[in-house]
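Now for the letters of each chain:
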Amino acid sequence: MATLLDPHARGRVILVGAGPGDPGLLTVRAVEALKSADVVVHDGLVDARVLDIAPASAQRISVAKRRSRHTLPQESINALIVAHVKTGAIVVRLKGGDPFIFGRGGEEVEAVRAAGLTVEVIPGVSAALGCAAGAMLPLTHRDWSSAVSFVAGQCKGLTDQDWSGLAGKGRTLVIYMGVATAEAIADKLMADGVAPDMPVAVLERGTLPGARALRTLLADLGPMVGREGVQSPAVIVVGEVVQLADAEDKLGAWATAAEAMA
């Protein structure tokens, strides 16, 4: 029985996790898929060096999404993928990180299956895992954290999300897409009972050139993001494990104010 990566099998989708950026973190299977591609439909955060692995003859189609502006709605992306597969093409849908962690990979699998087409998913190193590893930040640790949760900082608005119990002593919370709403995120967590002096790290451009790991306290998260000019892509890590990270301390004005009140 031929596998989906059999070069003789035509007209299929391979949903590939491109990892957090560094091409060296691609899986062997992801590289094989890229080399077989006739069409690569990719997100904006995929590194150009990853795209270069595909054959020069492969058509490259960007469906990059930016905050408050999508080049194509998800339904149109689904239709684009299906249309190319129906021509007999091998379509690699290339997504940053892992397709099934805030990548809408599940929606795309459903659309391809609904069209009666074959799809395979090749997982990738998630942004949280790759960025944390680059900062030497263990998301779990026997002495500090026995649980880790992943949330999105912009999905359907913060008010629609219930994060109760996800952050605090012995727990680690990783927030994707939270740079623009960092101050509101801090306020939400503190209102839910997380201590203002809980350690927080912002991991910017993890695994890529110019990567930064910045550490502060929860109450200073929003101001620090502004002071340091943090830009996406970045993930925010909240929890006691942050104190183990190889990161720059960026406590800033909050510490001065806290000292004055002491």
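Our subject in this report is the structure included herewith. (Residues numbered from 1 in each chain as written. Predicted model: local features only at pLDDT ≥ 70, side-chain atom pairs only at ≥ 80, totals over all residues. Heavy atoms only, no water.)

This part covers the nonpolar core. Grouped together as the largest cluster of nonpolar side chains are 24 residues, with contacts concentrated most on Ile-175, Leu-189 and Val-238. Broken down by secondary-structure element, the contributors of at least two residues to this core are β9 (170–176), α6 (182–191), β10 (199–204), α7 (221–228) and β12 (234–238). For this core, the leading source of residues is α6, giving four residues. Every residue in contact with Val-238, bar those within four places of it in the chain, is listed here: Ala-167, Arg-171, Thr-172, Leu-173, Ile-175, Leu-189, Met-198, Pro-199 and Val-200. (Core = buried A, V, L, I, M, F, W, Y, C linked by side-chain atoms within 4.5 Å. Buried < 20%, exposed > 50% of the residue type's maximum accessible area, 1.4 Å probe, protein only. Helix = DSSP H or I, 4+ residues; strand = E, 2+ residues; numbered from the N terminus. Contact = heavy atoms within 4.5 Å.)

Our next topic: a nonpolar patch on the surface. On the surface, a cluster of nonpolar side chains totalling about 400 Å² of accessible area is made up of Phe-102, Leu-129, Val-148, Phe-150 and Met-177. Locating Phe-102 in the fold gives a position in the loop between β6 (90–95) and α4 (105–114). Residue Phe-102 is classed as partly exposed on the basis of its relative accessible area, which comes to 38%. (Patch = residues over 30% accessible without salt bridge, like charges linked within 9 Å, V, L, I, M, F, W, Y side chains within 5 Å. Areas by Shrake-Rupley, 256 points an atom, 1.4 Å probe, with all protein chains shown as cover. Salt bridge = Lys/Arg side-chain N within 4 Å of Asp/Glu carboxyl O.)

Residue alternation in strand β2 (residues 39–42) divides its side chains into two sets, Val-39 and Val-41 and Val-40 and His-42, and both sets are buried. The sheet contact formed by β2 and β6 spans four bridges and is parallel. Residue pairing across strands places Val-39 opposite Val-91, the latter belonging to β6. (Pairing = 2+ DSSP bridges.)

What follows concerns the packing of aromatic side chains. This structure, assessed with the given rule, holds two aromatic pairs. Between the aromatic rings of Phe-150 and Tyr-176, the centroid separation amounts to 6.4 Å while the plane-to-plane angle is 65°, which identifies the pairing as edge-to-face. In this pair, Phe-150 is assigned in strand β8 (residues 145–152) and Tyr-176 in strand β9, connecting sequence segments 26 residues apart. Look at Phe-150 and you get partly exposed, because its relative accessible area is 32%. These aromatic residues form a ring-pair network of at least three members: Phe-102, Phe-150 and Tyr-176. Over the ring of Trp-163 we find Lys-188; its NZ or CZ atom is 5.4 Å from the centre of that ring. (Phe/Tyr/Trp six-rings, centres within 6.5 Å; stacked < 30°, edge-to-face > 60°. Lys NZ or Arg CZ within 6 Å of the ring centre and 35° of its normal.)

Here we come to the sheet that holds strand β3 (residues 59–62). The strand order across the open sheet built from five strands is β3-β2-β6-β1-β7, with neighbouring strands paired in parallel fashion. The open sheet terminates on both sides in strands that have one partner only, identified here as β3 and β7 (119–122). Taken over all neighbouring pairs, the strand axes of this sheet differ in orientation by 20° on average, direction set aside. (Axes fitted to C-alpha atoms, helices over the stretch in contact; angles between N-to-C directions.)

On to the pattern of salt bridges, then. Applying the stated rule across the entire model yields twelve salt bridges. Notably, a salt bridge pairs Glu-120 with Arg-29, separated by 2.6 Å at the nearest N-O pair. Separated by 91 residues along the polypeptide, Glu-120 in strand β7 and Arg-29 in helix α1 (residues 28–35) bring together distant segments of the chain. Glu-120 sits in the buried class, given a relative accessible area of 12%. Residue classification places Arg-29 among the partly exposed residues on the basis of a relative accessible area of 36%.

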